[in-house]
Amino acid sequence: MSPLTESASAIWPLLAYTVAVLGMIGLMLGLSHVLGGRHQDRVTGEPYESGVKPVGNARLRYSAKFYLVAIFFVLFDLEVVFLFAWGVAATEVGWPGYAGAMVFLFILTVALVYEWRLGALDWGARPDRKRAAGRLTP
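Residues numbered from 1 in each chain as written. Predicted model: local features only at pLDDT ≥ 70, side-chain atom pairs only at ≥ 80, totals over all residues. Heavy atoms only, no water.

The protein chain is annotated in an unreviewed UniProt entry as NADH-quinone oxidoreductase subunit A from Spectribacter acetivorans. What the UniProt record of the protein chain gives under Subunit (unreviewed entry) is the line "NDH-1 is composed of 14 different subunits. Subunits NuoA, H, J, K, L, M, N constitute the membrane sector of the complex." (UniProt positions renumbered as here; feature names shortened; annotations may be inferred.)

Shown next as structure tokens:
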């Protein structure tokens, strides 16, 4: 068997899967367009809040701290995923793997301390910078 034929025989399941997925997407979009509702009543465009009349504007400004908490959660959640994978393979990776995991934990700990010192984890009122700087230095 030639290398070209061998690679083509190895890639055809991926191509068949891609065609099937694109066909399914097209079918779902086409059916929703054909079978979907087309009425345009006065109340169709109004928001529905579980039977309660909406009050005010829905475009509220959220603090960036909510975004930061989400980013920190993803960051430290990925840390757990990597450590779990290391824990599963701990016997195979041995001491070099342990050293790599410790370097990884050290870098994340430095990042956490940096965020903490920067005040990214504080949700209260910010203290005066001069007093805070004097308190952080020995």
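After presenting the structure, the write-up continues.
Visitor: Break down a nonpolar patch on the surface for me, with residues and values.
Guide: On the surface, a nonpolar cluster with roughly 1100 Å² of combined accessible area is contributed by Tyr-17, Val-21, Leu-22, Met-24, Ile-25, Leu-27, Met-28, Leu-29, Leu-31, Val-34 and Leu-35. For Met-28, the position within the fold is in helix H1 (residues 3-35). (Patch = residues over 30% accessible without salt bridge, like charges linked within 9 Å, V, L, I, M, F, W, Y side chains within 5 Å. Areas by Shrake-Rupley, 256 points an atom, 1.4 Å probe, with all protein chains shown as cover. Salt bridge = Lys/Arg side-chain N within 4 Å of Asp/Glu carboxyl O. Helix = DSSP H or I, 4+ residues; strand = E, 2+ residues; numbered from the N terminus.)

Visitor: Please provide a residue-by-residue account of the packing of helix H2 (residues 64-88) against helix H3 (residues 90-118), values included.
Guide: Running from N to C, H2 and H3 point in directions that differ by 165 degrees, and their axes come no closer than 9 Å. What the angle tells us is that H2 and H3 run roughly antiparallel. Here H2 and H3 pass one another in a crossing that is left-handed. Here Phe-72, Leu-75, Phe-76, Glu-79, Phe-82, Leu-83, Trp-86, Gly-87 and Val-88 of H2 lie close against H3, whose contacting residues are Ala-90, Glu-92, Val-93, Gly-97, Tyr-98, Ala-101, Phe-104, Leu-105, Leu-108, Leu-112 and Glu-115. Across the contact of H2 with H3, the residue classes break down as 15 nonpolar, 2 polar and 3 charged. (Axes fitted to C-alpha atoms, helices over the stretch in contact; angles between N-to-C directions. Parallel < 35°, antiparallel > 145°, perpendicular 65-115°, else oblique. Left-handed = near helix turned anticlockwise from the far one by under 90°. Contact = heavy atoms within 4.5 Å. Nonpolar A, V, L, I, M, F, W, Y, C, P; charged D, E, K, R; others polar.)

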